[in-house]
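Geometric and topological summary
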Amino acid sequence: MDNLVETLRTQREELLAAHAAANDRDTAHQIVQQLKSVSEELELVAAAASSSPQSALSPDLYASYLLVVLLSKNLNDARFLWKRIPIEIKQISEELRNAWEVGKALWQRNLAAAYAAMDYDWSPSLQGLVEVLKTSTREDAAELLSLAYSTVSVSDAALALGFARHEDAVQYCSSLGWEVSAPDQLILPKPLANTHRGRSTVVDLDQLDTLSKTVLHLEQNTKLLHVRMQKDAAHESLKREYESRAGLEQLLRSYKDEIVTLKEALQIAAQAMAAATMNESPPFEYSEAGDAENSFGSYPAVDEYSEEYYRHEVAAVHPTELHLEQWQEDHQEARSENAFEDAVDE
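Each chain has its residues counted from 1, running along the sequence as written. Per-residue local features are limited, in this predicted model, to residues with pLDDT of at least 70; the limit for side-chain atom pairs, both in listing and counting, is 80 or more; totals at the level of whole chains, interfaces and linings are taken over all residues. Water and hydrogen atoms play no part in the side-chain values, which are based on all heavy atoms of the structure.

As a further point, take the overall build of the protein. Helix and strand assignments come from DSSP, with helices taken as H or I runs of at least 4 residues and strands as E runs of at least 2, each series counted from the N terminus. When its secondary structure is counted, the protein shows 15 helices and three strands. In the protein, which comprises 346 residues, the share counted as buried stands at 28%. Contacts were defined at the residue level, with two residues in contact if any of their heavy atoms lie within 4.5 Å. Considering only residue pairs separated by 6 or more positions, the protein has 62% of its internal contacts joining residues 24 or more positions apart. A 1.4 Å probe and the Shrake-Rupley method give the accessible areas. Residues count as covered only by the protein chains that appear here. When the accessible area of the protein is evaluated, it comes to approximately 23,900 Å², of which 54% is carbon and sulfur surface. Only protein chains enter the accessibility calculation, which uses a 1.4 Å probe; a residue whose area is less than 20% of its type maximum is buried, one above 50% is exposed, and one in between is partly exposed.

Listed below in structure tokens is the structure:
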């Protein structure tokens, strides 16, 4: 395990030397990523070693490790690295604390404080990393100015670019091809060509444009979905209303059919009752033979066993109560008239 720690430390020193000698920005960026990976592996191996990890991870190593993470534009990783560093190492190393002041200022996007923290009397092993970090931060700030402003004052440009003297800021902006208005103390930034924007310090306008279009598309789809939901709800409500109306009409038709059926049943029952009443009424009988003869005439005497008698019995009338009452009234009037005529004759 100790041999692995020594191997990683040696590899890390070689990468630091290669980074200091790199002239190409892309090559330097690749070396920074390799330095970050080796430093992370060294931290893990040293923590798992049986001996004390503080012996393998010195304050200078932590300081350079923190600056490498800041160079890789991973401010979150730098913040968590600062939390992992033991407190006793933080207390004994002023350079380490100052390196974190740089990271804290970059996290807060306070460029003036970041440049001020970089202007520190660093050790030779860290001075090269700090200079590269300052140059990278200045280039990112210049690119941000070129994208965000059409005109900017010389004082604001000097503050964003980390120059104490305005003349240095004007000279740097002129080297970028920007126009400088000396009477107005204004700088007219222009978009920079062949620039590499850092993901944590410079806003990607193309990504913002894509994001805004995506949000607009989602908002339109949400509105369309809401309209469709309202349409479906209205259609469903109308469908339920039609179904309810159809059910009500069917119920009314069934009630009407029942009423017609009951009416027909009542008519049939009335006819049946009338027929039963006629069948149950007694046959008409005459109380006096004379009355019968006066009303209906006299019938010839026939034998009860003769055919004529049989036909006469078959033709017997069974009057209803109404006919019987009418006959009684007529018979009473006839008797009254006969009695009156008898009285006159006497």
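For the rest of this paragraph, the subject is the UniProt feature "coiled-coil region" (unreviewed entry) in the protein. UniProt positions are given in the numbering used here, feature names are shortened, and annotations may be inferred rather than shown by experiment. According to UniProt, the "coiled-coil region" (unreviewed entry) feature falls on residues 238-272. Along residues 238-272 the backbone is 100% helical and 0% strand, and the end-to-end C-alpha distance reaches 51 Å.

Here we come to helix 11 (residues 166-175). For helix 11, the complete set of buried residues consists of Ala169, Tyr172 and Cys173. Buried residues in helix 11, looked at end-on, bunch into an arc of 95°, giving them a common side. Set apart from the buried face of helix 11 by more than 90 degrees, the exposed residues are Gln171 and Ser175. In this structure, the buried side of helix 11 is in contact with helix 9 (124-148), helix 10 (154-161) and strand 3 (186-188). Downstream of helix 11 by one or two residues, Gly177 has phi in the positive range, about 90°. Directions pointing from the helix axis toward each C-beta atom define the arc.

A separate point is the confidence of the model for the protein. On a range of 0 to 100, pLDDT expresses the predictor's confidence in each residue. For the protein, the average pLDDT comes to 79, and 75% of its residues sit at 70 or higher. Confidence, read as mean pLDDT per element, is least for helix 13 (residues 289-296) in the protein (46) and greatest for helix 7 (residues 94-107) (93). Across residues 197-202, confidence stays below pLDDT 50; counting only partners more than four residues off in sequence or on other chains, it has 18 contacts. Between residues 308-320, whose pLDDT stays under 50, and residues either more than four places distant or in other chains, the model counts 16 contacts.

Let us now look at the packing of aromatic side chains. In summary, the pairing rule links any two rings of Phe, Tyr or Trp, Trp by its six-membered ring, whose centres are within 6.5 Å, and it sorts them by plane angle into stacked for under 30 degrees, edge-to-face for over 60 and tilted for everything else. Going through the model one piece at a time under the given rule, you end up with three aromatic pairs. With a centroid separation of 5.5 Å and an interplanar angle of 5°, the aromatic rings of Trp82 and Trp100 are classed as stacked. One end of the pair, Trp82, is in helix 5 (residues 75-84); the other, Trp100, is in helix 7, with 18 residues separating them in the sequence. Each member of the pair, Trp82 together with Trp100, is buried. When the centroid spacing of 5.5 Å and the interplanar angle of 45° are considered together, the rings of Phe163 and Tyr172 count as tilted. Looking at Arg79, its charged tip hangs above the ring of Phe80, at a distance of 4.9 Å from the centre. Geometry around Trp82 places Lys90 over its ring, the cationic atom sitting 4.3 Å from the centre. We call a charge positioned above a ring when the Lys NZ or Arg CZ atom is no farther than 6 Å from the ring centre and deviates by at most 35 degrees from the ring normal.

Before going further, it helps to spend a moment on the pattern of salt bridges. When the charged atoms of two side chains with opposite charge come close together, those side chains can pair. Counted as salt bridges are all cases of a side-chain nitrogen of Lys or Arg within 4 Å of a carboxyl oxygen of Asp or Glu. Applying the stated criterion across every chain yields a total of eleven salt bridges. Asp77 serves as the salt-bridge partner of Lys36, at 3.2 Å between the closest nitrogen and oxygen. Taken together, the positions of Lys36 in helix 2 (residues 25-48) and Asp77 in helix 5 put the pair 41 residues apart, joining distant regions of the chain. The class for Asp77 is partly exposed, based on a relative accessible area of 33%. Residues Glu179 and Lys190 are paired through a salt bridge, measuring 3.7 Å at the closest nitrogen-oxygen approach. Within this pair, whereas Glu179 is found in strand 2 (residues 179-181), its partner Lys190 is found in the loop between strand 3 and helix 12 (205-280), the two being separated by eleven residues in sequence. Residues joined by salt bridges that share partners form a network here, namely Lys36, Glu40 and Asp77.

An order of 1-3-2 is seen for the three strands of this open sheet, with the pairing classed as antiparallel. Since the sheet does not close on itself, it has two edges, and those belong to strand 1 (152-153) and strand 2, each with one partner. Strand pairing is assigned whenever DSSP detects at least two bridges linking the two strands. Bridge analysis of strand 1 against strand 3 gives two bridges, and the strand direction is antiparallel. Across the sheet, Val152 pairs through a bridge with Ile187, a residue of strand 3.

Most of the time, phi is negative for any residue but glycine, and the peptide bond is trans. With a phi close to 65°, Lys73 is a non-glycine residue in the positive phi region. Mapped onto the elements, Lys73 comes out in the loop between helix 4 (59-71) and helix 5. For Lys73, a relative accessible area of 13% gives the class buried.

The next point concerns the nonpolar core. Throughout this description, the term nonpolar core refers to a set of buried Ala, Val, Leu, Ile, Met, Phe, Trp, Tyr and Cys residues connected via side-chain atoms within 4.5 Å. Within the largest apolar cluster, 58 residues are counted, with the highest numbers of intra-cluster contacts made by Tyr62, Leu66, Leu67, Leu96, Val102 and Leu161. Among the elements that make up this core, the one with the highest residue count is helix 4 (ten residues). Setting aside residues no more than four positions away along its own chain, Leu96 makes contact with Tyr62, Ala63, Leu66, Trp82, Ile85, Ile89 and Lys90.

Let's shift gears to a nonpolar patch on the surface. Patches here are clusters of residues that have more than 30% relative accessible area and form no salt bridge, with a 9 Å joining cutoff for like charges and a 5 Å cutoff for nonpolar side chains (Val, Leu, Ile, Met, Phe, Trp, Tyr). Together, Leu248, Leu251, Leu252 and Tyr255 give the surface a local cluster of nonpolar side chains, amounting to about 390 Å² of exposed area. Topologically, Leu252 is positioned in helix 12.

This paragraph deals with the packing of helix 4 against helix 9. To obtain each axis, a line is fitted to C-alpha atoms, and for helices this fit is confined to the stretch in contact; angles are then taken between N-to-C directions over 0 to 180 degrees. Packing of helix 4 against helix 9 brings their axes to within 10 Å, and their N-to-C directions diverge by 20°. Taken together, the axis directions place helix 4 and helix 9 in an arrangement best described as roughly parallel. You can see that helix 4 and helix 9 cross each other, and the crossing is left-handed. Judged by residue contacts, Asp60, Ala63, Ser64, Leu67, Val68, Leu70 and Leu71 of helix 4 engage Leu126, Leu129, Val130, Val132 and Leu133 from helix 9. By the convention adopted, Pro, Cys, Tyr, Trp, Phe, Met, Ile, Leu, Val and Ala count as nonpolar, Lys, Arg, Asp and Glu as charged, and the other residues, Gly among them, as polar. Class assignment of the residues belonging to the contact of helix 4 with helix 9 gives a composition of ten nonpolar, one polar and one charged. Oblique is the label for any angle not covered by the other classes, which are roughly parallel (under 35 degrees), roughly antiparallel (over 145) and roughly perpendicular (65 to 115). What makes a crossing left-handed is the near helix being turned counterclockwise from the far one by less than a right angle; a clockwise turn instead makes it right-handed.

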